[in-house]
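# Per-entry structural report
Read off the chains here:
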Amino acid sequence: MSRVDTENYRERIWTELAKVARPDSRFHWDFSSFICDFEGSEECSDRVVQMDALTKRGDRRVFITPDNCLEDLRFKLISRGVSFVMTTYGIVRGFYELDSSKIPASDHRYAATLDGFDRYAKPVSLDQLRRGSPFSLLVTGGSAVSSNGVRFGKGHGYFDFEWAILSELGLTDKSSVVVDVVHDCQFVNEVMPAERHDVAVDWVVTPTRSIHIDQTTRQRGQVYWEMVPGTEFERLDVVAELWALTKEKQP
Amino acid sequence: MDSDHDVAPLLVGPLTFCRYSYRRIWSKVPGVDARREKAGDQPLYSRVRHELTDMVLRRALDDTSPLPPEPRLMEIFAVSRGTLRRAIDDLVREGLLSAEQGRGTFVKQEERLRRVVWERLKHVAIPDSRFDRDLREFVPDFFGSEEATRRVMSLEEWTSASRVFCAPDNSVERLRYEALSAGKNVLVPTYGLRRGFIHLNGSVLSRSDLRHAASLDGMESYGVVLGPGDLRRFGNVDLIVTGATAATSDGRHIGGGQRYLALEWAMMEQLGLVSTAVPVVALVHECQLVEEVVEADHDCLIDYIATNSRVIHVWGSTGSASNEAPRSLRRIV
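Residues numbered from 1 in each chain as written. Chains lettered and ligands numbered in written order. Predicted model: local features only at pLDDT ≥ 70, side-chain atom pairs only at ≥ 80, totals over all residues.

### Things to note about the overall build of chain A
- Counting its secondary structure elements, chain A contains nine helices and 13 strands.
- Here chain A has a C-alpha radius of gyration of 17 Å; the compact-globule value for 251 residues is 18 Å, and the two agree.
- The principal-axis extent of the C-alpha atoms belonging to chain A is close to 50 × 45 × 35 Å.
- In chain A, buried positions account for 47% of the 251 residues.
- A separation of at least 24 residues holds for 69% of the contacts in chain A among residues at least 6 apart in sequence. (Helix = DSSP H or I, 4+ residues; strand = E, 2+ residues; numbered from the N terminus. Rg over C-alpha atoms; globule rule 2.2 N^0.38 Å. Buried ≥ 20, exposed ≤ 12 C-beta atoms within 10 Å, placed from the backbone. Contact = placed C-beta atoms within 7 Å.)

### Overview of the overall build of chain B
- Regarding its fold elements, chain B presents 12 helices and 15 strands.
- Burial statistics for chain B: of 333 residues in total, 39% are counted as buried.
- A sequence separation of at least 24 residues applies to 62% of the contacts in chain B between residues at least 6 apart.

### Quick notes on the nonpolar core
- Core analysis: the largest hydrophobic core is formed by 70 residues, its most contacted members being Val-139, Val-179 and Val-181 of chain A.
- Sort the elements by how many residues they give to this core and helix H8 (residues 156-168) of chain A lands first, with seven residues.
- If we skip the residues at most four places from it in the chain, Val-139 of chain A touches Val-48, Ile-64, Leu-70, Leu-73, Val-179 and Val-181 of chain A.
- With 67 residues, the next largest nonpolar core counts Leu-210, Val-278, Ala-282 and Val-284 of chain B among its residues. (Core = buried A, V, L, I, M, F, W, Y, C linked by C-beta atoms within 7 Å.)

### Comments concerning the sheet that holds strand E7 (residues 135-141) of chain A
Residues and elements named next belong to chain A.
- The sheet built from eight strands is open, its strands ordered E6-E5-E4-E3-E7-E10-E12-E13 with mixed pairing. Among the strands making up the open sheet, the edge pair consists of strand E6 (122-124) and strand E13 (210-212). Neighbouring strand axes in the sheet, compared pairwise and without regard to direction, differ in orientation by 25° on average.
- The pairing of strand E5 (residues 95-98) with E6 spans three bridges and is antiparallel. Counterpart to Phe-95 in the pairing with E6 is Val-124.
- Of the strands in this sheet, strand E3 (61-64), strand E4 (84-87), E7 and strand E10 (177-181) are in contact with helix H4 (residues 71-79), which crosses E3 at around 155°. (Pairing = 2+ DSSP bridges. Axes fitted to C-alpha atoms, helices over the stretch in contact; angles between N-to-C directions.)

### Digging into the environment of Phe-117 of chain A
All names here are of chain A.
- Inspection of the secondary structure puts Phe-117 in helix H6 (residues 114-120).
- Take Phe-117: there are 24 C-beta atoms within 10 Å of it, and that puts it in the buried class.
- With 43 residues separating them in the primary sequence, Phe-117 and Arg-74 have C-alpha atoms 9.6 Å apart.
- Discounting residues that sit within four places of it in the chain, Phe-117 has contacts with Met-86, Leu-98 and Ala-111.

### Focus: unusual backbone geometry
- We note that Arg-59 of chain B has phi near 65°; this positive angle belongs to a residue other than glycine.
- With respect to the secondary-structure elements, Arg-59 of chain B resides in the loop between helix H3 (44-57) and helix H4 (70-77).

### Details of the pairing of E5 of chain A
- The pairing of E4 of chain A with E5 of chain A spans four bridges and is antiparallel. Each residue of the ladder has a partner; that of Phe-84 of chain A, found in E5 of chain A, is Leu-98 of chain A.

### Notes on helix H6 (residues 109-121) of chain B
- A rise of 1.5 Å per residue sets the reference length of H6 of chain B, with its 13 residues, at 18 Å; its end C-alpha atoms lie 18 Å apart and thus fit the reference within 8%.
- Within H6 of chain B, burial applies to Glu-110, Arg-112, Leu-113, Arg-114, Val-117 and Leu-121 of chain B. (Expected span 1.5 Å × (residues − 1).)

### With respect to the packing of H3 of chain B against helix H5 (residues 81-94) of chain B
All names here are of chain B.
- For the pair H3 and H5, the least separation of the axes is 8 Å and the interaxial angle reads 55°. Classed by the angle they form, the pair H3 and H5 counts as oblique. Here the hand of the crossing between H3 and H5 comes out right-handed. Contacts between H3 and H5 involve Leu-44, Tyr-45, Val-48, Arg-49, Leu-52 and Thr-53 on the former and, on the latter, Thr-83, Leu-84, Arg-86, Ala-87, Asp-90 and Leu-91.
- Grouping the amino acids of the contact of H3 with H5 by side-chain chemistry returns seven nonpolar, two polar and three charged. (Parallel < 35°, antiparallel > 145°, perpendicular 65-115°, else oblique. Left-handed = near helix turned anticlockwise from the far one by under 90°. Nonpolar A, V, L, I, M, F, W, Y, C, P; charged D, E, K, R; others polar.)

### Re the sheet that holds strand E5 (residues 163-166) of chain B
Residue and element names in this part refer to chain B.
- On the basis of which strands lie adjacent, the open sheet formed by eight strands has the order E8-E7-E6-E5-E9-E12-E14-E15 and mixed pairing. A strand with exactly one partner marks an edge of an open sheet, and here the two such strands are strand E8 (224-226) and strand E15 (311-313). Strand-to-strand twist of the sheet, defined as the mean angle between neighbouring strand axes without regard to direction, takes the value 25°.
- Bridge count for strand E9 (residues 239-242) against strand E12 (residues 280-283) is three bridges, and the pairing is parallel. Across the sheet, Ile-240 pairs through a bridge with Val-280, a residue of E12.
- Along the sheet, helix H7 (residues 145-153) makes contact with E9, E12, strand E14 (304-306) and E15, crossing E12 at roughly 165°.

### A closer look at the pairing of E12 of chain B
Residues and elements named next belong to chain B.
- Alternating residues of E12 divide into Val-280 and Ala-282 and Val-281 and Leu-283, and every residue in both groups is buried.
- Here E12 runs beside E14; their pairing, made up of three bridges, is parallel. Among the inter-strand pairings, Val-281 is bridged to a residue of E14, identified as Tyr-304.

### What about the confidence of the model for chain B?
Residues and elements named next belong to chain B.
- Looking at chain B as a whole, its pLDDT mean stands at 83, while 81% of the residues score no less than 70.
- Between residues 30-39, whose pLDDT stays under 50, and residues either more than four places distant or in other chains, the model counts 11 contacts.
- pLDDT under 50 marks residues 318-333. Its contacts with residues more than four places away, or in other chains, come to 30 contacts.
- Among the scores for the predicted complex, ipTM is 0.91 and pTM is 0.87. (pLDDT = per-residue confidence, 0-100.)

### Examining the environment of Ala-240 of chain A
All names here are of chain A.
- Among the secondary structure elements, Ala-240 is positioned in helix H9 (residues 237-246).
- When the 22 C-beta atoms within 10 Å are taken as the criterion, Ala-240 is described as buried.
- Expressed as a C-alpha distance, the spacing of Ala-240 and Glu-16, which sit 224 residues apart in the sequence, is 39 Å.

### Concerning the environment of Ala-213 of chain B
Residue and element names in this part refer to chain B.
- For Ala-213, the location among the structural elements is in helix H10 (residues 210-214).
- As a C-alpha pair, Ala-213 and Val-188 span 25 residues in sequence and 11 Å in three-dimensional space.
- In this structure, Ala-213 is in contact with Leu-180, Leu-200, Leu-205, Gly-218, Met-219 and Tyr-222, ignoring residues within four places of it in sequence.

Written out as C-alpha cells, the structure reads:
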C-alpha cells in the first residue's frame, strides 16, 4: 500500500473513530496525544480475558499498554487477581508492575485508571524485569491495523518499542501472544508491508469480533539503536538502562 | 539546561530507580557521537538566557525597577546587542520578563515565584499520570498531602459545608474523596475547564466508587456535566478548596499561569453561586508557601492555607476576608 493510501485510511478512520471515542481526562478530544477509549471496549475486554494466553499462562506474565481503551481490561484483570506489567504514559517513567492481589476491592476501578495505577503500582527496573518470567500475553490498543496484523498510524511506535525492549531482555518468545484492541473502524482489510521494527499482532479484537492472524514466522524484536536518536525515545531512562544492561554487559 | 546533562530525576525516594548518563550512552552508539557533541555546544544567546534566569531567581535583579540598560547588560554578559536582545526576547516569551513600552524590561514576580517553588517542589511532588514532571501543565500531589487534607477537614467551614468546589488539582484528589465520603456535593471543573464542570453527589455514590469518582480519570463516570448554562443547578457553594503553584502569606493564590481559578470564580460569581463571603482554602505543601508580598495580577484571594504541617488563617482573628478591601480583587483581569 502506498503512502497516499495509508493517509487516506487514516483520515477515514479518525472521522469514524471520533463518533465512538471517549475523551481523555487531560487531553480531552486531542486524539494525537493519547489512545482513546471507544464505545464497546467492554466487549473487547470480555473476550481478551478468556484467551488461552491469559487463562493458561501458568507463571508467565501479562503486559499492557497505558491506552485508555484498555482501562476496562485492566479492571477485569485486577478483579480476577491477575497482576500485570504496564508502562507509564509515554514510557517516561518506564515499566511498573501492579500486584492485583494487593488492591482492595473498593479500589479496583480506580487502580485500572492511569491516575489510580500510579498509586498502586511499583516501578520495576529493566534489571528486575528480566529476572522474572517471560510474557504470555501482551495487549495494546489504538492505531489502525491491517489484515496481516501490521499496525500503522499515530501511536503504534510506543508498543513496537516496548516489544523491542522486552525482547532484548529475553522476555518474549514464540509463544508470546500479541493482541491489538481496536474499534471495528480501525481494522483495515488489506495486506500491508511490515517494516523491520513493526510488531505484527496475533489477534485483533474489536467490539464485534476477534480476528486471528498467523504470526508463526514473527521474529523476536530488537532495538535498532541507530534509529533511536532524534525520536521521543532518545531521552528515556529505560533506553539508558537497556543500553547499560545489554551493551555494557554490567554485572 | 545543557542538553547533555545527566539524568536528574525530579523525584527522590521511592519513585527513582535509574540514573544513567545520556552522554555515556550516546557516545557509544555508532555514528551518533558527532551529532551529540554538537548539540552540547550551546549558542551564546542561550548561555545569556540561562545566566539571566539564574540572576532573576537569585534575586540579583530587583523586581520593582527595570533591568539595567542594554549597554550595561552587554558588558556584564560580554555579548553583542543582538545576542542580548535574543535572550531577553526568549525570557519575555517564557513569561519571566515583561517588556513595557517606554518603561523598560521588568521581572515578572509571579513567574519568578513559580520557578522558585517548582524548584523546591521537585523534592516532594508526585508526577502526573500524563504530564509526568512537567509542572507547567498541572498542580502536583505531594508527599504530605494527607496531613494537609486532614487539616482542611479540621476547619469548621469544612464540617458545615454541604456543597464544595474542588479544583481539579492532583493535590486535592484526596480531599475530593473525603468530601464524597462525607456525602457532600462536589463541583470539579474538568482539566483546563475544557468540558465544563462535573457535579458529583457523594450521598448517592456507592462506597466502592468513591476513589474512582474522586480522580480526574474517573469522575466523569459518576458525575453530571454542567456547562455555564446549567451551572446554577449545583446551588450555592459553601467552600472552595484549591491547590496552587504557590500561596503567599498575604493570601494570594498563584496558579499555573492560566488563571483558571479566577475564571471559575468569575463564572460562579456571575451565576450567583459564590460571594466574597465563601471561604477559600488553599491546600499546599509547606514549600509552596511564600513569605512575600506580591504585586501579582489579580487572582482569587485565600482565607486559609492548609499545609502538611499547619493551617494559616490569612486574615487572622479579624475573621474572614470578606470585609476586607482586597477581596474585591476577585475578578478576571
